[in-house]
Amino acid sequence: MNQRLETAAAASIDFPSEGELVFSPHYSVRVSARDARGVEVSMDGGPWKPARLSDGYWWHDWTGYGSGGHVVCARILRESGVQDTLRPRALRVALPPARGGGMQDRLSASAAGIGAALGQLRNQKVEFVQLWFADLGGKPWRICLPVEHLNEEAFTAGVTLDGQSTASSFRSYINLLPDPNALFLDPLAKVRTAALFCDIIEPPDSAAASLGVRHVLGAAAEALRSVEQGLTVTLGAEPEFFLLDCEGRPAPEEAVWDFLCEQAKTLGDAGIKSEGFRFGPAPGQGRVQMRWADPVRTADHVMLYRWFARTLAHRKGLTVSFQPQGSVGGSALGMPVHHSLWLGADNAFHDADGWRYTSDRCRWYAGGLLRHAAALSAFVAVTESSYPQRGAAGAVSLKPYLTSDDPAALVRVPERQLHSQGRRLKFRGGNAEANPYLSLAATILAGLDGLRHKIAPEIDESSASLPGSLKEALQALDRDRDFLREGGIDDALID
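Now for a quick tour of the structure. (Residues numbered from 1 in each chain as written. Predicted model: local features only at pLDDT ≥ 70, side-chain atom pairs only at ≥ 80, totals over all residues. Heavy atoms only, no water.)

**A short note on the sheet that holds strand β13 (residues 159–162)**
Whether parallel or antiparallel, the strands of a sheet pair through hydrogen bonds between backbone atoms.
Okay, so step 1: Strand order in the open sheet formed by five strands is β12-β11-β15-β14-β13, with mixed pairing between adjacent strands. The two strands at the open ends of the sheet, each matched to only one other strand, are β12 (140–146) and β13. Ignoring strand direction, the axes of neighbouring strands in this sheet form an average angle of 40°.
Okay, so step 2: Looking at chain direction, strand β11 (residues 128–134) and β12 are connected through seven bridges and run antiparallel. Residue pairing in the sheet places Phe128 in a bridge with Pro146 of β12.
Okay, so step 3: Each of β11, β12, β14 (173–185) and β15 (193–201) touches helix α7 (residues 295–315); the most contacted strand, β14, lies at about 85° to it. (Pairing = 2+ DSSP bridges. Helix = DSSP H or I, 4+ residues; strand = E, 2+ residues; numbered from the N terminus. Axes fitted to C-alpha atoms, helices over the stretch in contact; angles between N-to-C directions. Contact = heavy atoms within 4.5 Å.)

**Section: the nonpolar core**
Okay, so step 1: By size, the foremost hydrophobic cluster in this structure holds 85 residues, and its most contacted members are Leu243, Leu341, Tyr365, Val411 and Leu425.
Okay, so step 2: Sequence-distant contacts of Leu243, defined by excluding residues within four places in its chain, comprise Arg249, Pro250, Ala251, Ala255, Val256, Phe259, Gly284, Ala313, Leu318, Thr319 and Val320. (Core = buried A, V, L, I, M, F, W, Y, C linked by side-chain atoms within 4.5 Å. Buried < 20%, exposed > 50% of the residue type's maximum accessible area, 1.4 Å probe, protein only.)

**With respect to the sheet that holds strand β18 (residues 274–279)**
Okay, so step 1: Sheet architecture is open: four strands sit in the order β18-β19-β17-β20, paired in antiparallel fashion. Whereas interior strands pair on both sides, the edge strands pair on one side only; in this sheet they are β18 and β20 (319–321). Strand-to-strand twist across the sheet, computed as the mean angle between neighbouring axes with direction ignored, equals 25°.
Okay, so step 2: Of the strand pairs in this sheet, strand β17 (residues 240–244) and β20 are connected by three bridges, and their pairing is antiparallel.

**Considering the environment of Ala476**
Okay, so step 1: Secondary-structure assignment places Ala476 in helix α11 (residues 470–479).
Okay, so step 2: Taking the C-alpha atoms as reference, Ala476 lies 9.2 Å from Ala373; in sequence the two are 103 residues apart.
Okay, so step 3: Look past the residues within four positions of Ala476 in its chain and what remains in contact with it is Ala374 and Ala375.

**Concerning the side chain of Ser386**
Okay, so step 1: Among the secondary structure elements, Ser386 is positioned in the loop between α9 (373–380) and β23 (399–403).
Okay, so step 2: Note on Ser386: relative accessible area 1%, which makes it buried.
Okay, so step 3: A distance of 3.0 Å separates polar atoms of two side chains, one belonging to Ser386 and the other to Asn431.
Okay, so step 4: Those residues within four positions of Ser386 in sequence are excluded, and the remaining contacts are Pro324, Ala381 and Asn431. (Polar contact = N/O pair within 3.5 Å; in protein donor to acceptor, adjacent residues only side chain to side chain.)

**Considering the environment of Val233**
Okay, so step 1: The residue Val233 is located in strand β16 (residues 231–237) in this model.
Okay, so step 2: Look past the residues within four positions of Val233 in its chain and what remains in contact with it is Ala221, Leu224, Asp294, Pro295, Ser340, Leu341, Tyr365 and Ile444.

**Quick word on helix α6 (residues 253–269)**
Okay, so step 1: Counted at 1.5 Å a residue, the expected span for α6 with its 17 residues is 24 Å, and the 24 Å between its end C-alpha atoms agrees.
Okay, so step 2: Taken together, the buried positions of α6 are Val256, Phe259, Leu260, Gln263, Ala264, Thr266 and Leu267. All buried residues of α6 project into a common sector of 160° when viewed along the axis, lining one side. Opposite the buried face of α6, by more than 90 degrees, sit the exposed residues Glu254 and Lys265.
Okay, so step 3: In this structure, the buried side of α6 is in contact with β17, β18, β19 (285–290), α7 and β20.
Okay, so step 4: Positioned one or two residues after α6, Gly271 has a phi angle of 95°, which is positive. (Expected span 1.5 Å × (residues − 1). Arc of directions from axis to C-beta.)

**Topic: the side chain of Thr358**
Okay, so step 1: Among the structural elements, Thr358 can be located in the loop between β22 (346–347) and α8 (360–371).
Okay, so step 2: Accessibility expressed as a relative area gives 1% for Thr358, which makes it buried.
Okay, so step 3: At a separation of 2.5 Å, a polar atom in the side chain of Thr358 contacts the main-chain carbonyl oxygen of Trp355.
Okay, so step 4: Contact partners of Thr358, with chain neighbours within four places excluded, come to Phe349, Asp351, Arg363, Val413 and Arg423.

**Topic: the pattern of salt bridges**
Okay, so step 1: Tallied over the full model, the rule gives 23 salt bridges.
Okay, so step 2: Between Glu240 and Arg287 there is a salt bridge, with the nearest N and O atoms lying 2.2 Å from each other. Remark: Arg287 occurs in strand β19 and Glu240 occurs in strand β17; sequence separation between them is 47 residues. Taken individually, Glu240 and Arg287 each receive the classification buried, so the pair is uniform in this respect.
Okay, so step 3: Counted as one network, the salt bridges with shared partners bring together Asp179, Asp199, Arg214, Asp294, Arg297 and Asp300. (Salt bridge = Lys/Arg side-chain N within 4 Å of Asp/Glu carboxyl O.)

Written out as structure tokens, the structure reads:
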């Protein structure tokens, strides 16, 4: 009995957590097990497969699964021959439908995904569904429907709205196509409500360019396959904000900490995992780092993050500001975004023999971000207030080079993550005021250009500088826009 108790304390499945929602076509199962001869993992009752020991944990890379519910089991192999089977973990996989093709691709969604979404609405006793979409400027729009109005036809044929009632950029009517894999509960709603993100479908008789900025991001992610089949990207965002009192002064530290705790909990209750949260260097400044996901899902998360933060602050008599430069002082606000490339279950950015354990692909991707950094500013720093921060007293002036530890570098390789699956690049040039669908699409295309042309980055220093104003950023975009033309999505990105 004592041996069994010791075994239970020494072994566990660390990832996934029970009921975790996964948004990626691969997953690394992590198991803690002391004094083990080996660990085996089984998926959905299938054959047992060996895990590998790395950095003190046992890892098994699971790939090739589809949307829906899945069960992960693990067992520990001891020198004594005893096999200890650990408590299984259930997780739910939500993979986005295929993007980047023609109209038929956008109108199609798997029956399993639609059934899962409708089932979740029933099981959670949801009363209202908010259909979320964004215009070209990144403004979020929400149309709320009683849940009984949402059926299978809405997911396949779309929901038609009067465009003139939402914004002047939408003429006549628009058609929203709900994404069954982008359903989130709204923990802050007074009644049981869910948020459902939608793509905008052109009216059949319209020859205008699509206004579907969400689809633009999906197409940019799909364009990576033009370099290497099976290549995918995941992103993780850290939107920074200032928390201000009713007179516009920075909120006290204890209020910021309580707010960060509530923001992280609200995100978790909505199904959005966080990696942690912390204060910023300036009074009233904070951020919650969200766990990585596919690009479209990451942008959805940013939209919800801003909504939750503003709602929580309003209920406390406080204000959240995502403005990069305000009355708070010289400290800059940003939205660092972590980028990782994957080939199946393998992190394509990792190389044990490379500079800072990075692969050629990682450095080429960074080279693309740096080569096009000035033009990218027009997408990731879209307000004039984004630019004074770059030279403000007390703020770090970012420079376009790659580093592992210099806070002045535009792109960094975080070294605190020792496991190969955590290898990533951290792009620090944007802020949460930008349209996340367009800003993330532009950065992916810049990285793609680096991969295609094998652009070597400048490391640890650079004589170049970033634009000092929005006007300079737009001028840079005029000179450097060819990298945005991949996949025919440049009209929405540039015009």
